[in-house]
Amino acid sequence: MNSYSKSLKLYERARNSLAGGVSSNYRMSKQPHPLFFTRGEGARIYDVDGNEYLDFALGQGPLILGHSHPKVLQRVAEEINHGQLYAGQHELEIGLAEKVQQHIPCAELVRFTNSGSESVQATLRLARAFTGRTKYIKFEGHYHGWFDNVLISLQPSKDTAGPRSSPRAVLETSGQARSVQEDVVVLPWNDLEIVEKALRQYSDVIAAIITEPVMCNNGCIEPKEGFLRGLRDLCDRYGVVLIFDETITGFRLGLGGAQVSSGVTPDLAIFGKAMASGFAISLFAGKKDLMNLIATGEVTHAGTYNSNNACVAAAIATLEVLESGGDELRERIFALGRRLRDGLGEIASRERQTVLLSGPGPMFHMAFTSLREIKEYRDCLDCDTPKYSSFVKNMLDRGVRLIGRGMWYISAAHTTTDIEQTLTAASDALRSMNS
Ligand code: PMP
């Protein structure tokens with residue numbers, strides 16, 4: 001059994017200087033407590049107690065090539081030899097923008113930011129400027145960053161969520177401006193009829209619909225056949241800007257993200273996470289008529305650290321590795337994920353545990369629930385989260401690091417042996433939970 005005593009000591013020390021001992025509220029793990037890591041290599045991560053884990057958290061998604069990919073680290077080292085930030089342009093960022101244009105269908109023009117949260121804000125501002133309207137539609141359970149105007153109805157309880165067909169806009173944190181509720185219409189995902197009804201009702205005030213093209217922040221729910229296409233058609237009919245938040249799907253489902261795999265092109269999109277192997281860069285991109293509002297200066301977008309050398313270099317190197325791996329690499333990541341996802345299902349049924357596994361493979365979700373399908377956020381409320389937390393701790397003790405909310409990420413660094421080792425650990429963990 002692993003010991004976590006050195007992590008615990010550091011955590012106790014950290015709480016005196018870092019609020020809550022962490023740098024993001026989403027790292028406040030209680031199972032057993034936040035861990036302190038010393039290094040990552042390939043599919044593995046190591047903590048201060050000397051424990052080695054197969055890592056399926058992968059930095060919450062960015063590490064599509066695994067930890068410390070040599071080509072990424074080398075490229076970053078080369079670039080930062082020249083400096084780190086110019087507050088001016090450099091040639092490398094044109095190269096990165098050109099790659100983005102080449103791969104992402106909606107990317108007629110591109111801007112770089114430092115996080116998905118920031119990129120989301122820019123797209124909503126653009127949509128408002130373009131349409132002259134003020135409100136936007138977001139879907140229950142979707143996450144678009146931690147800022148006031150979007151941290152809404154991420155995980156509302158049954159009591160607060162309101163009626164399914166017209167959910168309440170539920171604030172997620174103390175201190176959030178109440179006024180943001182006026183600018184958002186919250187709807188259940190995967191139900192075109194309800195979207196159409198809302199658009200008929202509010203069409204003259206709705207600037208945008210923002211959606212994760214695969215719902216990755218509660219469960220891992222794929223869009224129903226025709227749902228994304230239907231959103232596209234409705235947006236065209238009602239003059240609404242369609243925004244895909246591909247922070248997770250981007251570069252993970254393939255170089256063009258979900259807009260290539262679904263064949264549906266949004267007006268604007270946000271990419272982040274897997275684009276730069278853990279370096280802090282994101283982008284938003286879109287059709288020229290929208291992005292030109294930024295080009296002309298009519299809409300402001302800025303940021304001190306935008307397109308800094310290290311992050312641009314990391315993104316270029318990551319995309320080059322993905323490009324050179326081509327379809328073969330993409331298919332390998334899908335195949336590994338599917339093998340793990342399906343293997344976990346088989347093991348769970350052997351251990352008489354009712355679990356649901358869902359999602360395409362490069363990322364997927366596991367939950368203890370008797371539901372046979374999760375179609376929208378409210379289904380997630382029927383999942384046994386304490387039991388999943390216990391599974392996560394049991395896996396940690398067996399050298400496998402998971403994300404507490406049920407999501408699993410796969411990287412190009414995982415091997416079939418790693419997958420089999422993980423399945424063995426899962427089998428032991430589930431058996432121990434039975435006894
Ligand atoms: N959108 C989506 C879909 C996300 O999953 C996330 C982060 N998990 C964000 C936006 C926010 O990105 P960041 O944490 O880089 O601000």
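The structure this text deals with has already been given above.
The structure presented is a predicted model; accordingly, all values stated were derived computationally and were not measured.

J.: Just give me the short version of the site of the ligand, but keep the residues and values in it.
T.: Residues in contact with the ligand, as listed here, are Ser 115, Gly 116, Ser 117, Tyr 143, His 144, Gly 145, Glu 212, Asn 217, Asp 245, Thr 247, Ile 248 and Lys 273. Gly 116 is positioned such that a nitrogen or oxygen atom in its backbone is 2.9 Å from an oxygen atom of the ligand. Side-chain polar atom of Asp 245 to a nitrogen atom of the ligand: 2.6 Å apart, as the coordinates give it. Isolated, the ligand exposes 390 Å² of accessible area, and the fraction of that covered by the protein chains is 81%. Residues belonging to the shell around the ligand are distributed by class as follows: 2 nonpolar, 7 polar and 3 charged.

J.: Before we move on, could you go through the pattern of salt bridges and cite the residues and values that matter?
T.: It is possible for side chains of opposite charge to pair when their charged atoms get near one another. Summed over the entire model, instances satisfying the criterion amount to 20 salt bridges. For Glu 376, the salt bridge is made with Arg 164, and the minimal N-O distance between the two is 2.9 Å. Here Glu 376 is found in the loop between strand S12 (363–368) and helix H11 (377–380), whereas its partner Arg 164 is found in the loop between helix H5 (158–161) and strand S6 (184–187), with 212 residues between them in sequence. Judged by relative accessible area, Glu 376 falls into the buried class, the value being 9%. On the accessibility criterion, Arg 164 (34% relative accessible area) is partly exposed. Where Arg 200 meets Glu 196, a salt bridge forms, and the shortest distance between an N and an O atom there is 3.8 Å. Of this pair, Arg 200 and Glu 196 both sit in helix H6 (residues 192–202), 4 residues apart, roughly one helical turn. Residue Arg 200 is classed as exposed on the basis of its relative accessible area of 54%.

J.: How would you summarise unusual backbone geometry if you had to cite specific residues and measurements?
T.: In this structure, the amide linkage connecting Gln 31 to the following residue, Pro 32, adopts the cis form with an omega of 0°. Along the chain, Pro 32 falls in the loop between helix H1 (5–14) and strand S1 (37–41). Backbone geometry places Asn 190, a non-glycine residue, at a positive phi of 70°. Tracing the backbone shows Asn 190 in the loop between S6 and H6. Residue Asn 190 is classed as buried on the basis of its relative accessible area, which comes to 6%.

J.: Tell me about the packing of aromatic side chains, and please be specific about residues and values.
T.: Under the criterion given, the structure shown has 11 aromatic pairs. Taken together, a centroid distance of 6.3 Å and an interplanar angle of 75° make the contact between Phe 37 and Tyr 53 edge-to-face. On the criterion of sequence distance, the pair formed by Phe 37 in strand S1 and Tyr 53 in strand S3 (residues 52–55) is long-range, its members being 16 residues apart. A ring pair is formed by Phe 364 and Trp 408, whose centres lie 5.5 Å apart and whose planes are at 20°; its orientation type is stacked. Within this pair, whereas Phe 364 is found in strand S12, its partner Trp 408 is found in strand S14 (residues 407–409), the two being separated by 44 residues in sequence. The two residues Phe 364 and Trp 408 agree in class, both being buried. If you follow Arg 15 out to its NZ or CZ, it ends over the ring of Tyr 11, 4.6 Å from the centre. Over the ring of Tyr 46 we find Arg 39, and its NZ or CZ is 4.0 Å from the ring centre.

What counts as what
- Per chain, residue numbering runs from 1 following the sequence as it is written.
- Predicted model: local features are reported for residues with pLDDT of at least 70 only, side-chain atom pairs are reported and counted for 80 or more only, and whole-chain, interface and lining totals are derived from all residues.
- Computation of side-chain values: all heavy atoms of the structure, hydrogens and water removed.
- For this purpose, a residue is taken to be near a molecule or strand whenever a single non-hydrogen atom of the residue falls within 4 Å of it.
- Residues adjacent in sequence count toward polar contacts only when both atoms are side-chain atoms; beyond that, a polar contact is any pair of N or O atoms within 3.5 Å, and within protein one must be able to donate a hydrogen and the other to accept it.
- Per-residue accessibility takes into account occlusion by the displayed protein chains alone, with areas from the Shrake-Rupley method and a 1.4 Å probe.
- Nonpolar residues are Ala, Val, Leu, Ile, Met, Phe, Trp, Tyr, Cys and Pro. Charged residues are Asp, Glu, Lys and Arg, and all others, Gly as well, are polar.
- For salt bridges, the criterion is a side-chain nitrogen of Lys or Arg within 4 Å of an Asp or Glu carboxyl oxygen.
- Every helix listed is a DSSP run of H or I at least four residues long, and every strand listed is a run of E at least two residues long, numbered separately from the N terminus.
- The buried label applies to any residue whose accessible area, calculated with a 1.4 Å probe on protein chains only, is under 20% of its type's maximum; exposed applies above 50%, and partly exposed to all values in between.
- Centre distance within 6.5 Å is the pairing criterion for rings of Phe, Tyr and Trp, where only the six-membered ring of Trp is used; planes under 30 degrees apart are then read as stacked, over 60 as edge-to-face, and the remainder as tilted.
- Only Lys NZ and Arg CZ are tested; either one counts as a charge over a ring when it is within 6 Å of the ring centre and within 35 degrees of the ring normal.

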